[in-house]
Amino acid sequence: MPSFALMDGTRPTAIGLNPASRARTSMGVAIVAGVLLSTVLTLIVVAALFVYVDRFRIWANKIGSLFTSKTTEVIPVIPARVESTAHSCHVKDL
C-alpha cells in the first residue's frame, strides 16, 4: 500500500501537468518506475525464486538419499539398576 500511495503522489509530477512540474517529469518517471520495479521484484520474483530453491532442495534430498545407507544397525542396550545409599551410588548389571 505505501508503494501505491507513493506512485499516486508522484504521478502528477511524472505527467507534467503544469509548466513548473514539466522540468521535473524525468524525476517523477524515475520514482514511479523504481517503485513499480521494486514492488514487482518483491512480490513476484522473490516468490518465484523461493519456489525454485524449494524444488532444488527436494531434488537434492532425493539425490542425496541415493548415496546414504538404508540399513540401520541396532545396538542392544543392557538395562542397569541403580542402587543408592547415603554415601555412594552403585550400578549393577541385570
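Quantities reported herein were computed from a predicted structural model and do not represent experimental measurements.

### Here we look at the overall build of the protein chain
Thought 1: The helix and strand inventory of the protein chain stands at three helices and two strands.
Thought 2: Its helices and strands in sequence order give the protein chain the pattern α-α-α-β-β, from N to C terminus.
Thought 3: Per-residue burial over the protein chain gives 10% buried out of 94 residues.
Thought 4: The contacts of the protein chain with a sequence gap of at least 6 include a subset with a gap of at least 24, amounting to 17%.
Thought 5: When the accessible surface of the protein chain is summed, it comes to about 8,200 Å², and 69% of that surface belongs to carbon and sulfur atoms.

### Brief notes about the pattern of salt bridges
Thought 1: Taken as a whole, this structure holds one salt bridge when the rule is applied.
Thought 2: D54 is the salt-bridge partner of R57, the closest N and O atoms lying 2.8 Å from each other. Placement of the pair is R57 and D54 together in helix 3 (residues 25-66), with a separation of three residues, close to one helical turn.

### What about the confidence of the model for the protein chain?
Thought 1: Scored by pLDDT, the protein chain comes out at a mean of 79, with 74% of its residues at no less than 70.
Thought 2: Element-level pLDDT for the protein chain is lowest in strand 2 (residues 89-93), with a mean of 55, against a maximum mean of 89 in helix 3.

### A word on helix 1 (residues 2-15)
Thought 1: The end-to-end C-alpha separation of helix 1 is 20 Å, in line with the 20 Å expected for 14 residues at 1.5 Å each.
Thought 2: The largest bend in helix 1 comes to about 35°, at G9, with the proline P12 one to four residues further on.
Thought 3: Just downstream of helix 1 lies G16, where phi reads positive at about 75°.

What counts, and at which threshold
Residues numbered from 1 in each chain as written. Predicted model: local features only at pLDDT ≥ 70, side-chain atom pairs only at ≥ 80, totals over all residues. Heavy atoms only, no water. Helix = DSSP H or I, 4+ residues; strand = E, 2+ residues; numbered from the N terminus. Buried < 20%, exposed > 50% of the residue type's maximum accessible area, 1.4 Å probe, protein only. Contact = heavy atoms within 4.5 Å. Areas by Shrake-Rupley, 256 points an atom, 1.4 Å probe, with all protein chains shown as cover. Salt bridge = Lys/Arg side-chain N within 4 Å of Asp/Glu carboxyl O. pLDDT = per-residue confidence, 0-100. Expected span 1.5 Å × (residues − 1). Bend = angle between axes of the 7 residues up to and from the residue.

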